Amino acid sequence: MYKGNGLSVTLRTTEEPACCQNKGVTLIGGHAMQASKPDLSEDFKMTKIGPLPEEWQIVRLGEVLREMDVRVRDLGESAYELPILSLTKNEGLVLQTERFGKRIATEDVSEYKVVYRGQIVYNPYVIWEGAVHILDKYEAGLVSPVYPVWEVRPDKAHAWFIDPLLRMPNTISAYNRFASGAVNRRRAIRKNDFLSIPIPLPPLPEQRAIAHVLRTVQRAKEATERVIAALKELKKSLMRHLFTYGPVPIDQADRVPLKDTEIGPIPEHWQVVRLGEVAQVKYGKAKPEGEGTVPVVGSGGVYAYTKMALVGFPTLVIGRKGTAGQVWLCKQPCWPSDTTFYLEWRKPIGLGFVFEFMRINPPSGEHAKTTLPSLQRSDLENHLLPFPPLPEQQTIANILRTVDRRIEAEENRKRALEALFKTLLHHLMTGKVRVKDLAAGDAEAPT
């Protein structure tokens, strides 16, 4: 039984047909090639794309899709008010200004295509990366004239069933096969090749039920992403407040006496110190031979594990080369690599407090004799920090750590939903799990 967002669906799991384990069946380019006739369960039949339920069909994409070619020039002035969208492999069709930070379409967009909600768009040059999506976030928008736009024939298929099917591994394999060209080169996939790709097609009621289950999980993931984004914004706001007024309620901030400093306003009783006053800056060392369980921390984070630790106390590791100034918190024994600095403390500090401040105010500096960004030890030693009394440092760190734990919990939930979606997608689209007892009215396209 799967439950979520008011959905209650009984799933009947069909035992995996023996053919799936028979060594006589080999997947080549997304197609199942049968060398010897395997045994199938009574509910399944062997097809050119593998075993499927008896009542399912195999059809070409061209049988369920029709191309749409509505241009801005065809609709008049109102079309120019539609948002210009960009196609991404992970997020689908998003605002061009959100993806690139600016509008990059030419002034004359009369040739741009109009796509409506429920229509499918792909980028012929990178479709094999998964750049094929249904428009779901907007009622209509404009896309590049090089993107084919497709409408799903409602008498043949359900749009939100076809959409995830177009990014399944077997379909991606077909794109790669058609796009193969010379060595290390790929060509844009042709429309005729795209339309010739075979897909499984359950009866329409089952398509709607499958789409409904998948969209329920997808919606839960999107809701979790919104929570994560809101929590990250909350943390940014908290950090601005805490590093300006200290650990006081927001409605009491105006009662805190402030003073102006080189790093901005801070409470009067705080100090401003150089990092070198509270910590000794040390160079990391080259990774030793051997593999173990102690993390090796480079300027970009943990990249290997070794047997021994260079540092046995909680520290901050700061990128010296490459991602110069990037700060990593290490509470357990670690081995800072030779592209980093690490800190040995001269006086008691709130480790989390210093870490959070340096994350939003990273040290910077570039070596004059190289094009590779690098940080000098003197730059790091002279980096300025606010320095409240130790109890206040610890209180601020604890407040921010509470938010971090909530963010981590939501990110774990998101990963679990992504894993659930992939599992359901595979099993539902191959008929290994059948959706039962879901009313057709519950399985309409999401609104």
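Residues numbered from 1 in each chain as written. Predicted model: local features only at pLDDT ≥ 70, side-chain atom pairs only at ≥ 80, totals over all residues. Heavy atoms only, no water.

**Student:** Could you give an account of the overall build of the chain, naming the residues involved and the relevant values?
**Tutor:** For the chain, the helix and strand inventory stands at 10 helices and 28 strands. Classification of the 447 residues of the chain by burial places 46% in the buried group. Summarising the internal contacts of the chain: among those between residues at least 6 apart in sequence, 69% fall at separations of at least 24. (Helix = DSSP H or I, 4+ residues; strand = E, 2+ residues; numbered from the N terminus. Buried < 20%, exposed > 50% of the residue type's maximum accessible area, 1.4 Å probe, protein only. Contact = heavy atoms within 4.5 Å.)

**Student:** Any chance you could break down the pattern of salt bridges for me, citing the residues and the numbers?
**Tutor:** One pass over the structure, following the stated rule, counts 26 salt bridges. Between glutamate 225 and lysine 414 there is a salt bridge, and its shortest N-O distance comes to 3.6 Å. Of the two residues, glutamate 225 sits in helix 6 (residues 204-245) while lysine 414 sits in helix 10 (residues 390-430), which places them 189 residues apart along the sequence. With a relative accessible area of 22%, glutamate 225 lands in the partly exposed category. Here lysine 414 falls in the partly exposed class, since its relative accessible area comes to 24%. Between glutamate 344 and lysine 282 there is a salt bridge whose closest N-O contact spans 2.8 Å. Residue glutamate 344 is located in strand 26 (residues 340-345), and its partner lysine 282 is located in strand 20 (residues 279-283); the two are separated by 62 residues in the primary sequence. By relative accessible area, which is 23% here, lysine 282 ends up partly exposed. (Salt bridge = Lys/Arg side-chain N within 4 Å of Asp/Glu carboxyl O.)

**Student:** Go over the confidence of the model for the chain with me, naming the residues and quoting the values.
**Tutor:** Residues with a pLDDT of 70 or more make up 84% of the chain, whose mean pLDDT is 86. Ranking the elements of the chain by mean pLDDT puts strand 3 (residues 25-28) last with 32 and strand 15 (residues 149-152) first with 98. Counted against residues more than four places away or in other chains, residues 8-37, with its pLDDT under 50, gives 73 contacts. (pLDDT = per-residue confidence, 0-100.)

**Student:** Could you give an account of helix 10, naming the residues involved and the relevant values?
**Tutor:** The first and last C-alpha atoms of helix 10 sit 59 Å apart over 41 residues, in line with the 60 Å expected at 1.5 Å per residue. In the segment just after helix 10, glycine 431 is the residue with positive phi, at about 80°. (Expected span 1.5 Å × (residues − 1).)

**Student:** Give me the lowdown on the packing of aromatic side chains, citing residues and values where you can.
**Tutor:** What the rule picks out here adds up to eight aromatic pairs. Centroid distance tryptophan 150 to phenylalanine 194: 5.6 Å. Interplanar angle 35°. Geometry classified as tilted. Of this pair, tryptophan 150 sits in strand 15 while phenylalanine 194 sits in helix 5 (residues 191-196), placing them 44 residues apart in sequence. Taken as a pair, tryptophan 150 and phenylalanine 194 share a single burial class, namely buried. Every member of this aromatic cluster is reached through a ring pair, and the members are Tyr122, Trp150, Tyr175 and Phe194. Between the NZ or CZ atom of arginine 177 and the centre of the ring of phenylalanine 178, over which it lies, the distance is 5.2 Å. One residue, arginine 320, lies across the ring of phenylalanine 341, its end atom 5.9 Å from the ring centre. (Phe/Tyr/Trp six-rings, centres within 6.5 Å; stacked < 30°, edge-to-face > 60°. Lys NZ or Arg CZ within 6 Å of the ring centre and 35° of its normal.)

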